[in-house]
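Here's the letter readout for the chains.
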Amino acid sequence: MQGCEIGSRLRYQLTLASGMLECLCFAGVMFGYASLVFVLKEDGYFSQLCVTDPGTNSTMTGCIRQDEQFSLVFTIASFLNNFLNIVNGYIFDRFGTMVTRLLAISLYTTGTLLVAFSSATLSELLFPALSCIAVGGILLLLTNMQVGNLFPAHRSTIITLYNGAFDSSSAVFLIIKVLHEAGISLRSSFLVLSLCSVIHLVRTLLLMPTTHIPYPPPQGYTYGARCGKSNSYNVEQSEGLREGAMMVAEASRGRDDDPAAPEDSAETRESGTEASFRSCVLSWFFLWHLLWLSIMQLRHYLFIGTLNAKLTRLAGQDGALVSQYINAFAVTQLCGVLCAPWNGLIMDRHKGKPLDPGESEQEADLRSSSLSLFLTSLQCLLFSLSASIPVLPLQYLTFVLQVLNRSFLYGGNAAFICIVFPAPHFGKLYGLVMSLSALISLLQYPCFALVRGALGGDPFYVDVALTLLTLLVFVHPVYVFIYCSRLAHRRKGNPRAATSRSKRSDAELQDNI
C-alpha cells in the first residue's frame, strides 16, 4: 500500500505538470489571433474583398472589408468562449471530467483540422474553426482548474497559475507566424496541433478522474490507472460535508424567498447536503463578484479595442513607432503566466498556519481572499488612470499594469468561486458568471461607436467615464472584509466558539449578512 501511496503522489505531480503544459500550449491559443491574421493575409484569406475601386484606383476600401471579416471571426469566437461557459459548466458538473474533456478534445481537433484544410477559397471555414478552438480550449481549462484540489495548501496558487498559462498560450500563434516566415505552411502547423489531441486523450484516460476531484481529497484518493484495489468516492457527498459549505445559502438571506433557519442550517450541513444552486446565484457574494468581474473585463476589452487607433494618434501617424508599441504590448501579454501565481500566493498565504479559535478553513480562505480582491481592484484603477493619460511613453507602464491586472482578474475569479461556493456547483457558477459578464461586455460596442463618431476617434472621455465606473469594483472586497470582520467579532463575543464551531457556523453567518 505504501507503493500505491507513492504512486498516487507521483500521479498528482504528473497531473499538475501535464495540466500546466496543456494550458500553456493549447488552451488559450485563440488569444494570439493577431499573429495568426498576418499569416492568413499572406495566404490570401478573404482576399476577394480587396478589390480595386475604379474611381480611386485604390484597394483601401476593399481591404478594410477584409479586416472587418477577420475582426468578425475573432469577435464571434471570443464571445462564444465566454458566453457558452454556462453550458460548459453544466456539462462539467452533470457529466464529470471525462465526458467534458472528450467534448473539449473533439471540438479542439475539429477546429484545428478546419483551419488546416481551409484555404483562400474556403475562408469562411475560419468562423466555425476559431469558435471550436476557443470553446474547446476553455473546456480544457475548466477541467484542469480542479487539479488544485489535489494540493489543498496551494489550491489558489495552482488555479491562478493555470489561468496565467491560459493567457500566455497566445504565444503559440506567434510561433506559427515565425514558422510560416521560415517556410513551414499553415496546414502543417495545424496538423501538428491536431495530432497533439492524442496527448490530450491519453492524459484524460490516465491522469484525470472520471467524475471530479474532491476537496480536500480523501486519504488514499486515486484516479486514472490505479494500482491495487481501486477506491471510489462520492465526490458530491464529500464536498457537501466540507466545513462551511452552507455559507452561501445563509449569505442569500433577504434575497431568497424561503431562507433556512439557523438550526435548520446546522442540521442540513450535518446531513451532508450543500447550498442550492439558486441560493448561490442569489447571494450577495455572487452578485458583487459578477459586478467586480464585469466592470474590469469591460475596461480591458475597450482598451484593447481602441489601442491601435489610440497609439496611431499619439504617435502622430508614425507607423514604425506604432508597430514598436504594438510589439511591446504583445510581448507583455506573454508574462501572464509569471504574474498570475502571485495572486494565488496571496490567497494561500494563511495555509499551514493555525486557525483562530472557532474559525473554519473556508472562512479563513474567504478572509484571505479579501486582500486579493482589493489588490486586483487597485490594479485596475491604476491601469485605467494610466490608460486615460494621453502620453505615449506612459503606455509602456499601461501595458505592464494591464497584463498584471488581467492575470490577477481571471485567476482570482476562479479561485474565489472555488473558495466561497460548494464544489458541485463550481462549473455552473463559473460558467454563469463568465456568460453574464460576456453579455455586459457587449457594452463595448456602443462605446466604440461613441469614440468613432461623436468623439472623433479620441477615447479620452470614455476612458475617464470608465475610470470612475471602476471605483465600484471596490465594493466587493470591502463587503468581503466587513463580512469576515463581523464573523470574527461574533466568535470573540461567544466563548463557546472554539468547541461548537461547526454547529454554530451557519447561524453566525446568517446573523452577519
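Starting afresh in each chain, residues are numbered from 1 along the sequence in its written order. Residues qualify for local features only when their pLDDT is at least 70, as the model is predicted, and side-chain atom pairs are given and counted only at 80 or more; totals for whole chains, interfaces and linings, by contrast, use all residues. Each side-chain value is worked out from all heavy atoms of the structure, with water and hydrogens disregarded.

**Looking at the overall build of the protein**
Per the convention used, a helix needs a DSSP run of H or I reaching at least four residues, while a strand needs a run of E reaching at least two, with both numbered from the N terminus. Helix and strand counts for the protein come out as 23 helices and 0 strands. Restricting to contacts in the protein with at least 6 residues of sequence separation, those with at least 24 account for 81%. Here the open area of atoms and residues is found with the Shrake-Rupley method and a 1.4 Å probe, where only the protein chains shown may cover a residue. When the accessible surface of the protein is summed, it comes to about 21600 Å², and 67% of that surface belongs to carbon and sulfur atoms. Only heavy atoms enter the contact rule, under which two residues are in contact if any of them lie within 4.5 Å.

**Some thoughts on helix H6 (residues 155–168)**
Along its 14 residues, H6 runs 20 Å from first to last C-alpha, staying within 8% of the 20 Å computed at 1.5 Å per residue. Across the 14 residues that make up H6, a large majority, 13, are buried. Multiplying 1.5 Å by the residue count of a helix minus one yields the expected span of that helix. For the exposure calls, accessible area comes from a 1.4 Å probe over protein chains only, and a residue counts as buried if that area is under 20% of its type's maximum, exposed if over 50%, partly exposed in between.

**Regarding the environment of Gln-402**
Along the chain, the position of Gln-402 falls in helix H18 (residues 395–420). Taking relative accessible area as the criterion, Gln-402 reaches 0% and is therefore assigned buried. Excluding residues within four positions of it along the chain, Gln-402 makes contact with His-300, Phe-303, Ile-304, Phe-329, Gln-333 and Phe-383. Of the polar contacts made by the side chain of Gln-402, one reaches the side chain of His-300; its length is 3.2 Å. Throughout this description, a polar contact denotes any pair of N or O atoms lying within 3.5 Å of each other; where both atoms belong to protein, one of them has to be capable of donating a hydrogen while the other can accept it, and for residues adjacent in sequence the pair is counted only when both atoms sit in side chains.

**Some details on the packing of helix H14 (residues 284–314) against helix H20 (residues 444–452)**
Note on method: axes are straight lines fitted to C-alpha atoms, helices fitted across the in-contact stretch only, with angles between N-to-C directions ranging 0 to 180 degrees. Put simply, H14 and H20 touch, their axes get as near as 10 Å, and they point 40° apart. Judged by the angle between their axes, H14 and H20 are oblique. Crossing hand, H14 versus H20: right-handed. Touching Leu-298, Tyr-301, Leu-302, Gly-305 and Thr-306 of H14 are Gln-444, Cys-447 and Phe-448, all from H20. Orientation categories follow fixed angle ranges, with anything under 35 degrees roughly parallel, anything over 145 roughly antiparallel, 65 to 115 roughly perpendicular, and all other angles oblique. Left-handed describes a crossing in which the near helix is turned anticlockwise from the far one by less than a right angle; the clockwise case is right-handed.

**Points about the side chain of Ser-377**
Within the secondary structure, Ser-377 is located in helix H17 (residues 361–388). Judged by its relative accessible area of 0%, Ser-377 falls in the buried class. Of note is the side chain of Ser-377, whose polar atom sits 3.0 Å from the side chain of Trp-292. Excluding its chain neighbours within four sequence positions, the residues that come into contact with Ser-377 are Trp-292, Met-296, Val-473, Phe-474 and Pro-477.

**Describing the pattern of salt bridges**
In the sections that follow, a salt bridge refers to a side-chain nitrogen of Lys or Arg positioned within 4 Å of a carboxyl oxygen of Asp or Glu. Scanning all chains against the criterion turns up 6 salt bridges. Its salt-bridge partner being Asp-463, residue Arg-299 comes within 3.2 Å of it at the nearest N-O pair. With a gap of 164 residues between them, Arg-299 in helix H14 and Asp-463 in helix H21 (residues 460–470) connect regions that are remote in the sequence. Accessibility classification places Arg-299 together with Asp-463 in one group, the buried group.

**Here's the deal with the nonpolar core**
Proteins that are soluble and globular tend to have nonpolar side chains buried together. In this structure, Phe-285, Leu-366 and Tyr-430 are the most contacted members of the largest nonpolar core, which totals 64 residues. Ranked by residues supplied to this core, first place goes to H18 with 9 residues. Those residues in contact with Tyr-430 that lie beyond four places of it in its chain are Asn-85, Ile-138, Leu-141, Leu-142, Met-145, Asn-163, Asn-413, Ala-414 and Ile-417. Here, nonpolar core refers to any group of buried Ala, Val, Leu, Ile, Met, Phe, Trp, Tyr and Cys residues whose side-chain atoms link them within 4.5 Å. In terms of nonpolar packing, the next biggest core, distinct from the first, is built from 30 residues, Phe-127, Ile-133, Phe-173 and Phe-190 among them.

**With respect to helix H16 (residues 336–347)**
Its 12 residues place the ends of H16 17 Å apart at the C-alpha level, agreeing with the 16 Å of an ideal helix rising 1.5 Å per residue. Buried residues dominate H16, accounting for 9 of its 12 residues. Among the residues of H16, those classed as buried are Gly-336, Val-337, Cys-339, Ala-340, Pro-341, Asn-343, Gly-344, Ile-346 and Met-347.

**A short note on the packing of aromatic side chains**
Here the aromatic set is Phe, Tyr and Trp, taking the six-membered ring for Trp, and pairing holds for ring centres within 6.5 Å; pairs whose planes are under 30 degrees apart are stacked, those over 60 apart are edge-to-face, and all others are tilted. Here the structure, examined in full by the defined rule, presents 23 aromatic pairs. Ring geometry for Tyr-12 and Phe-151: centres 6.4 Å apart, planes at 75°, overall edge-to-face. Pair noted here: Tyr-12 is in helix H1 (residues 2–27) and Phe-151 is in the loop between helix H5 (126–144) and H6, with a separation of 139 residues, a long-range link. Judged by relative accessible area, Tyr-12 falls into the buried class, the value being 12%. Each residue in the set Phe-303, Tyr-325, Phe-329, Phe-383, Tyr-396 and Phe-399 is aromatic and connected to the rest through ring pairs, giving one cluster.

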